[in-house]
Amino acid sequence: ATIVAGSSHLEFRLGDGLKTLGVGEADALILAGMGVNTMCHILESTTDNQLSSNHKHIDRIGTHELLLQPTNSKPKNLCLLYEMLQEDNWRLT
């Protein structure tokens, strides 16, 4: 589905994680309404073909901003998410 509001253009995709997105198609990603483990799985998933050398989908797409709202806020799970983001050089604000 595509929504155009003013000068903004939003497009929603249904698929397995980030596999439905192509290079440069998403300046920002919103992951909300899911658990930390699911978010980590989506953000850490890799391409599985020989041409891509198993790069992460998030790197292939070229996204520059993540908006994350996990449903479970157990400190242990949030620490896992924060550590993963920091290891991948995302700046937390």
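Everything that follows concerns the structure shown earlier in this document.
This one's a predicted model, so the numbers in the text were calculated from it and none came from an experiment.

S.K.: Honestly, helix 3 (residues 75–87) in this entry has me stumped. Any pointers?
M.R.: Helical periodicity: at 3.6 residues per turn, an α-helix aligns residues three or four positions apart in one direction. Taking 1.5 Å per residue as the helical rise, helix 3 with its 13 residues ought to reach 18 Å, and the 18 Å between its terminal C-alpha atoms agrees with that figure. Residues of helix 3 that are buried include every one of Asn77, Leu78, Leu81, Met84 and Leu85, and no others. Along the long axis of helix 3, the arc covered by the buried residues comes to 125 degrees, so they all point the same way. For helix 3, the exposed residues set more than 90 degrees away from the buried face come down to Pro75, Lys76, Gln86 and Glu87. Buried residues in helix 3 make contact with helix 1 (36–44) and strand 4 (65–70). Backbone geometry just after helix 3 places Asn89 at a positive phi near 65 degrees.

S.K.: What's the story with the side chain of Ser45 in this structure? I'm lost.
M.R.: Positionally, Ser45 belongs in the loop between helix 1 and helix 2 (57–61). Residue Ser45 is classed as buried on the basis of its relative accessible area of 16%. Among residues more than four places away in sequence, those in contact with Ser45 are His55, Lys56 and His57.

S.K.: Which parts of the structure should I look at to understand the pattern of salt bridges?
M.R.: Close approach of charged atoms lets side chains of opposite charge pair. What the rule picks out here adds up to four salt bridges. Among the ionic pairs, Arg13 bridges to Glu25, the shortest N-O distance being 3.2 Å. Placement of the pair is Arg13 in the loop between strand 2 (8–11) and strand 3 (28–34) and Glu25 in the loop between strand 2 and strand 3, with a sequence separation of 12 residues. For Arg13, a relative accessible area of 36% gives the class partly exposed. Here Glu25 falls in the partly exposed class, since its relative accessible area comes to 45%. Note that Asp88 and Lys56 form a salt bridge whose closest N and O atoms lie 2.9 Å from each other. A residue pair is termed long-range when its members are at least 10 positions apart, and Asp88 in the segment after helix 3 and Lys56 in the loop between helix 1 and helix 2 qualify at 32 residues. Overall, the relative accessible area of 28% leaves Asp88 in the partly exposed class. Connected through shared salt-bridge partners, Glu44, Lys56 and Asp88 make up one network.

Definitions and cut-offs
- Residues numbered from 1 in each chain as written.
- Predicted model: local features only at pLDDT ≥ 70, side-chain atom pairs only at ≥ 80, totals over all residues.
- Heavy atoms only, no water.
- Helix = DSSP H or I, 4+ residues; strand = E, 2+ residues; numbered from the N terminus.
- Expected span 1.5 Å × (residues − 1).
- Buried < 20%, exposed > 50% of the residue type's maximum accessible area, 1.4 Å probe, protein only.
- Arc of directions from axis to C-beta.
- Contact = heavy atoms within 4.5 Å.
- Salt bridge = Lys/Arg side-chain N within 4 Å of Asp/Glu carboxyl O.

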